[in-house]
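Architecture at a glance
Listed below, chain by chain, are the residues.
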Amino acid sequence: MVVKTKIQVNLAELKRWYIDLKQKWEALERLEPSESIYYQKYVVQGTAFGWPLQNSTEPHFQNSPFCRSRTGQKDLESLTYTTFNHYACGYAEKVLSYFTEAHLSRVYVLESGFEWNWHVDSPHSQRMVIAIETNEKSFILFDRNKEDKFHIPADGYVYVIDSRKEHKAYNHGGAERVHLLWSMQSKDVSKYLNNEVLL
């Protein structure tokens, strides 16, 4: 369900990148509100928001934030969201560039009190995640009956979430939960599971 890899990042440096990203976004908010993406599909309660770090190479979607384009016309997991945009700079770009098959990379922020409903992201891909900021009351669940809970700590390691399975997430702590995450085809994830790397 959730697997910890041996791939480690410099968490302090990643946090500095995120703080800079957030400050830039706050400065742009009044001028370019479309730069922020609000994820309301399958929301039980609360607010989640984020930034796409890769754009599509398909002309129709190049100027569209990927989550605003989820109209059912195309399966966005199959699109080529592989071109880094201006948010994916510095250390974050270095981290993401290591995963050559990464697509749909983004930052997700779950505010305190946020809760997703049960859902499946894609039958073909999985998520790789680094927790930048979190709290002990932030969990991912995979079983409606047993409600086994997985907490991804902000320990600087990359985790794999099998998002092909039905799951939900919530943040019941008093602080934001911030994840850097990206999608990878399931056949490609296995290439990285045993890599022991410090990025």
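Above this note sits the structure.
A quick note: this is a predicted structure, and the numbers were derived from the prediction, not measured.

Rules behind the numbers
Residues numbered from 1 in each chain as written. Predicted model: local features only at pLDDT ≥ 70, side-chain atom pairs only at ≥ 80, totals over all residues. Heavy atoms only, no water. Core = buried A, V, L, I, M, F, W, Y, C linked by side-chain atoms within 4.5 Å. Buried < 20%, exposed > 50% of the residue type's maximum accessible area, 1.4 Å probe, protein only. Helix = DSSP H or I, 4+ residues; strand = E, 2+ residues; numbered from the N terminus. Contact = heavy atoms within 4.5 Å. Arc of directions from axis to C-beta. 1 Å grid on protein atoms, 1.4 Å probe; cavity = no way out; pocket = protein on both sides within 12 Å on 5 of 7 lines; lining within 4 Å. Points joined across faces, edges and corners; volume = space filled by probe spheres on them. Nonpolar A, V, L, I, M, F, W, Y, C, P; charged D, E, K, R; others polar. Pairing = 2+ DSSP bridges.

Quick word on the nonpolar core
Counting 32 residues, the largest nonpolar core has F99, V107 and W182 as its most contacted members. Listing elements by their share of this core, those giving two or more residues are helix 1 (11-28), strand 4 (48-52), helix 2 (90-98), strand 7 (103-110), strand 9 (125-133), strand 12 (157-161) and strand 14 (177-185). The residues touching W182, leaving out its near neighbours within four places in the chain, are L96, F99, A102, H103, L104, S105, R106, Q126, R127, M128, I130 and V158. A48, F114, V129 and L181 belong to the second-largest nonpolar core, a separate cluster that totals 15 residues.

Quick look at helix 2
Looking at helix 2, one finds that the buried residues are Y91, A92, V95 and L96. When helix 2 is viewed along its axis, its buried side chains cluster within an angular range of 130 degrees and face the same direction.

A look at the environment of N194
Relative to the elements of secondary structure, N194 occurs in the loop between helix 3 (186-189) and strand 15 (197-198). Expressed as a C-alpha distance, the spacing of N194 and T5, which sit 189 residues apart in the sequence, is 6.8 Å.

Side note on unusual backbone geometry
Although it is not a glycine, L104 sits at a positive phi angle of roughly 55 degrees. Within the secondary structure, L104 is located in strand 7.

Regarding empty space enclosed by the protein
Tallying each qualifying case throughout the model produces 2 cavities of 30 Å³ or more. For the lining of the largest cavity, the element with the most residues is strand 10 (residues 138-141), which contributes 3 residues. Looking at the lining of the largest cavity residue by residue, the class counts come to 4 nonpolar, 4 polar and 1 charged. Each pocket or cavity is described by its volume, and for the second largest cavity that value is around 30 Å³.

Topic: the pairing of strand 14
Along strand 14, 8 of the 9 residues are buried, which leaves the element largely enclosed by surrounding structure. Two elements, strand 7 and strand 14, share 6 bridges in a ladder whose sense is antiparallel. Paired with R106 across the strands is L181, a residue of strand 14. Alignment of strand 9 against strand 14, held across 8 bridges, turns out to be antiparallel. Following the sheet pairing, S125 is matched in strand 14 by Q185.

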